[in-house]
Amino acid sequence: MANFSTHITVAAAGAGLLSVLCLQVGLADPQEALMLALLGTMGGILPDIDLQHAYPSRIMFSLFGIVAAFMLVFSKKNDLSIVELWGVGLITFGMIRFPIWTVFHQYTHHRGSIHSLVAAVLFMLLTTAFAYHVMEKIPFMAWLFGLFVFLGFILHLLLDELYSVDFMNARIKRSFGTAFKILDWKKREKSTLLVIATILAWAVTPESRAFWDTLLSADTYRIIGSRFLP
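Residues numbered from 1 in each chain as written. Predicted model: local features only at pLDDT ≥ 70, side-chain atom pairs only at ≥ 80, totals over all residues. Heavy atoms only, no water.

A. Representation of the overall build of the protein chain. For the protein chain, the count of helices and strands is nine helices and two strands. Listed by position from the N terminus, the elements making up the protein chain come as α-α-α-α-α-α-β-β-α-α-α. Taken over 230 residues, the protein chain has a buried fraction of 44%. When contacts within the protein chain are restricted to residue pairs at least 6 apart in sequence, those whose partners lie at least 24 apart make up 72%. (Helix = DSSP H or I, 4+ residues; strand = E, 2+ residues; numbered from the N terminus. Buried < 20%, exposed > 50% of the residue type's maximum accessible area, 1.4 Å probe, protein only. Contact = heavy atoms within 4.5 Å.)

B. View of the nonpolar core. Among the nonpolar cores identified, the biggest contains 44 residues, and I49, F64, L144 and F145 are the most heavily contacted of them. Those elements that provide at least two residues to this core are α1 (4-24), α2 (30-43), α3 (55-75), α4 (82-106), α5 (117-133), α6 (139-162) and α7 (188-203). Here the element with the most residues in this core is α6; it accounts for twelve residues. Ignoring anything within four residues of it in the chain, the contact list for F64 reads M42, I45, L46, I49 and I96. (Core = buried A, V, L, I, M, F, W, Y, C linked by side-chain atoms within 4.5 Å.)

C. Region of the structure containing the UniProt feature "transmembrane region" (unreviewed entry) in the protein chain. Per the UniProt annotation, the sites labelled "transmembrane region" (unreviewed entry) are residues 55-74, 86-107, 113-133 and 140-159. End C-alpha atoms of residues 113-133 are separated by 26 Å, and the span's content is 81% helix alongside 0% strand. Between the end C-alpha atoms of residues 140-159 the distance is 29 Å, and the span holds 100% helix and 0% strand. (UniProt positions renumbered as here; feature names shortened; annotations may be inferred.)

D. Main features of the pattern of salt bridges. Within this structure, the stated rule accounts for two salt bridges. Across the salt bridge formed by K137 and E32, the nearest N and O atoms sit 3.8 Å from each other. With K137 in the loop between α5 and α6 and E32 in helix α2, this pair connects stretches of sequence that are 105 residues apart. Across the pair R222 and D219 runs a salt bridge whose closest N-O atoms are separated by 2.0 Å. Note that R222 and D219 are positioned in helix α9 (residues 218-228) at a spacing of three residues, about one turn of the helix. (Salt bridge = Lys/Arg side-chain N within 4 Å of Asp/Glu carboxyl O.)

Pasting the structure below:
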């Protein structure tokens, strides 16, 4: 499989290019475009959060904690005092980095249920719901945040699958097929819980009509085409 450095580099590059596109065609302002790039990068390393107590996992949970803390603080900056904002940030980071990290690793194994397409959808929906309910983003931007996490996640799965093919020796490694899968069929209980969690997450997402209308609109792609080249 691809290593941590490859995943984060490719995800950052892809998310950065897409966020610039969103900025240039008016889908996001500069602050939102920066957040999109960050979320896409995070999505690109999310499937490896189940590396059992390895340093990349600790780094990733620390990163998730920091990003979640800042997102929450920035969304509440006009409602709370400085001390209260510090407290919100520290508590958010601490909860994600320690108790959530510990519990998570008690019920997961690498390339299991988390390393699947359903998990990609789950993290997209969770990001969308968080952006809408906590950060108070409009539905369109909340869904755009979720989409970037989803695309980064999918890119990770594709890279791992690509690295399972040894092109020099023209052979396929035993790990082929374990990265890009719908669900982990060997762990049916965990996969069932993952599906239930995905349905529940979808139930608390905002309406998506404006998002899909924009994403599928021919006008959107005409604007992109007009701004794509000098």
